[in-house]
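Listed below, chain by chain, are the residues.
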Amino acid sequence: MISVVVGAQWGDEGKGKIVDYFAEGAAVVARFQGGNNAGHTLVVQGVKTVLHHLPSGILTPKTRCIIGAGVVIDPLTLSQEIDALKARGLLKGTLIIDEGSALVLPYHRALDLAREKNPHLTKIGTTGRGIGPCYEDRVGRRSVFFHDLFDPEELRRKINEVLFEKNCLLKMLNSPTFSTDEIIETLGPMSEKLRPFLGDASLEIAGAISREEHIVMEGAQGVLLDVAFGTYPYVTSSHTIAASAAIGIGTGAKNLERVIGVTKAYCTRVGEGPFPTELSGHSAEHLQRVGNEFGATTGRPRRCGWIDIAALRYAARVSGIDAWALTKVDVLSGLEEISICTHYQNASSFPRDAKSLENVIPVYKTFEGWEEDISKIGDLKQLPKNAKIFIEAIEDYSKTPICWVSLGPQRKATFVRKK
Ligand code: GDP
Ligand code: IMO
Ligand code: MG
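Analysis parameters
- Residues numbered from 1 in each chain as written.
- Chains lettered and ligands numbered in written order.
- Predicted model: local features only at pLDDT ≥ 70, side-chain atom pairs only at ≥ 80, totals over all residues.
- Heavy atoms only, no water.
- Donors = N, O, S within 2.8 Å, 3.2 Å for Na, K, Ca; no water.
- Helix = DSSP H or I, 4+ residues; strand = E, 2+ residues; numbered from the N terminus.
- Domains from an automatic or database assignment.
- Contact = heavy atoms within 4.5 Å.
- Buried area = accessible area lost by both parts, 1.4 Å probe.
- Salt bridge = Lys/Arg side-chain N within 4 Å of Asp/Glu carboxyl O.
- Polar contact = N/O pair within 3.5 Å; in protein donor to acceptor, adjacent residues only side chain to side chain.
- Near = heavy atom within 4 Å.
- Areas by Shrake-Rupley, 256 points an atom, 1.4 Å probe, with all protein chains shown as cover.
- Nonpolar A, V, L, I, M, F, W, Y, C, P; charged D, E, K, R; others polar.
- Pairing = 2+ DSSP bridges.
- Axes fitted to C-alpha atoms, helices over the stretch in contact; angles between N-to-C directions.

J.: Can you lay out the coordination of the magnesium ion (ligand 3) for me, pointing to particular residues and giving the numbers?
T.: Binding of the magnesium ion (ligand 3) to the protein goes through Asp12 (OD) and Gly39 (O), at separations of 2.0 to 2.2 Å. With a gap of 27 residues between them, Asp12 in the loop between strand 1 (2-7) and helix 1 (15-23) and Gly39 in the loop between strand 2 (28-31) and strand 3 (40-44) connect regions that are remote in the sequence.

Below, the structure is given as structure tokens:
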């Protein structure tokens, strides 16, 4: 069975934590899109690990971790991530990287950064990891692929050809240019290190399906950052909706059996773009401080606001979400009042383009909070009455069941609410 786990907001919903929890009962965990713009935090037995490239099953012994062709790979940071995990004795699962994953190369990062600081261009607030320029190259038919790392002649030919255009662009943007030799030189040591992981994700998944294994597909970013269905242009450059799992791995769409949407009990966003329920003042400060809302990739403070049901219902629609995993409910402890945006006064559904979204007027229902620290309770039955009412309200308004509730960053602070 394939379960797809996607973020239902603007990323950082706690996908890594939820996937790590599911990994214990899964044979395979696969990433299907995004790159090292992702920062997925796992806390296992008190030890914190932030993953950028590697699937969140990597800390689970025997889990086969797969990186599909839909993922973009920065060979340098990927090999650093592998080395760092190995050094800590935490690389427990096995790893296969699809030969057709596109490489993020130094000119992608340079272009990303140069565009972000150019006063004539719209600032997106990207992670600066070169993700957009790398995906542009895939559709522009000039990607350098993972398998090219192991074919020195083809690697040189492709980089040479790509640099012909890239260096013109970089010059225009007042950014330093690159030579083929310098890029090949930095890639050299990476090739030998990464060669053992070369494989075919589609074939691996087909094998796992035929053996009736449980496969978890791990999304990065969130539905509202999808390049077609997100708040364009303030989006990432890949498809983050669940359907993307079929394409990013190379499996039939009908094999995706269930889709789990991860949502915080409130909402955050990093980078630019509209955010209808964004808060300022005491509540925002509480969410940021107690929720430790700083980016796992860039360290930027995350903007904080109330949970937005219009956005969640939209995410459930475009991504086919069957159930929610509701995270960070514990962060709300201590707030006198907590609000839920139930709908928009002037729009019947979530308008996806940034311009329309800027003009929506959220309508809130406000609930009484609770004082108790709920991060150490052993059972959802022990939740304070007001927390139960709040969780039920999210379920009712969103019209999608909340099947898992997370009350802390630890793997064990995850509870099944409904089967
Ligand atoms: P991801 O990108 O969706 O995997 O999420 P991030 O790892 O970027 O951000 C989620 C943050 O919240 C991480 O620091 C997690 O350790 C933390 N976290 C996840 N679930 C919970 C929870 O239920 N309660 C609390 N307090 N923290 C959580
Ligand atoms: P995870 O997987 C939150 C945001 C950036 C920016 C926009 C485009 O940890 O949830 P990009 O570098 O992708 O071109 O940036 O998308 N963004 C994320 N925000 N979590 C992420 O990943 C993100 N990945 C990209 O902040 O607004
Ligand atoms: Mg993150």
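Okay, back to it.
J.: Give a detailed account of the domain arrangement of the chain, specifying residues and quantitative values.
T.: Parsing the chain into structural domains produces domain 1 (2-98 + 199-258), domain 2 (102-194) and domain 3 (262-416). Once you take the C-alpha centre of each, domain 1 and domain 3 turn out to be 23 Å apart. Of the residues lining the interface, 44 residues belong to domain 1; the matching set on domain 3 comes to 42 residues. Where domain 1 abuts domain 3, roughly 3,300 Å² becomes buried across the two surfaces, and 58% of that area is made up of carbon and sulfur atoms. Ranking the residues of domain 1 by area buried against domain 3 places Gln9, Trp10 and Lys17 at the top, with a combined share of 21%. Linking domain 1 to domain 3 there are three salt bridges. Put simply, Asp20 and Arg411 hold a salt bridge, and the shortest N to O gap is 2.8 Å. Where domain 1 packs against domain 3, one counts 27 residue pairs in polar contact (both at pLDDT 80 or more). Element by element, the count of residues in the side of domain 1 that touches domain 3 is highest for helix 1, at six residues.

J.: Give me the lowdown on the site of ligand 2, citing residues and values where you can.
T.: Neighbouring ligand 2 are 20 residues; Asp12, Lys15, His40, Thr127 and Thr236 lie closest to it. Lys15 has a polar side-chain atom sitting 2.7 Å from an oxygen atom of ligand 2. Here Asn37 contributes a side-chain N or O atom positioned 2.9 Å from an oxygen atom of ligand 2. Here ligand 2, which alone exposes 550 Å², has 98% of that area covered by the protein. Classifying every residue of the shell around ligand 2 gives seven nonpolar, ten polar and three charged.

J.: How would you sum up the site of ligand 1? Please name residues and give values.
T.: The environment of ligand 1 is formed by 19 residues, the closest being Lys15, Gly39, Thr41, Asp330 and Ser406. Contact distances for ligand 1 include 3.1 Å between an oxygen atom and a backbone N or O atom of Glu13. At 2.8 Å from an oxygen atom of ligand 1 is found a main-chain nitrogen or oxygen belonging to Gly16. The fraction of the free accessible surface of ligand 1 (580 Å²) that becomes covered by protein chains is 93%. Counting residues per element, the shell around ligand 1 draws most heavily on helix 1, which supplies three residues. The class makeup of the residues in the shell around ligand 1 is four nonpolar, eight polar and seven charged. Split by domain, the shell around ligand 1 shows at least three residues from each of two domains, domain 1 (2-98 + 199-258) and domain 3 (262-416).

J.: Outline the sheet that holds strand 10 (residues 215-218), supporting the account with residue identities and numerical values.
T.: Spatially, ten strands are ordered 9-7-5-2-10-1-11-14-17-18 in an open sheet, and the strand pairing comes out mixed. Only two strands of the sheet have a single neighbouring strand rather than two, namely strand 9 (198-199) and strand 18 (414-416). Of the strand pairs in this sheet, strand 1 and strand 11 (residues 256-264) are connected by six bridges, and their pairing is parallel. Each residue of the ladder has a partner; that of Val4, found in strand 11, is Val259. Packed on one face of the sheet, helix 1 meets strand 1, strand 2, strand 10, strand 11, strand 14 (323-327), strand 17 (402-406) and strand 18 and runs near 160° to strand 1. Packed on one face of the sheet, helix 12 (residues 385-398) meets strand 14 and strand 17 and runs near 145° to strand 17.

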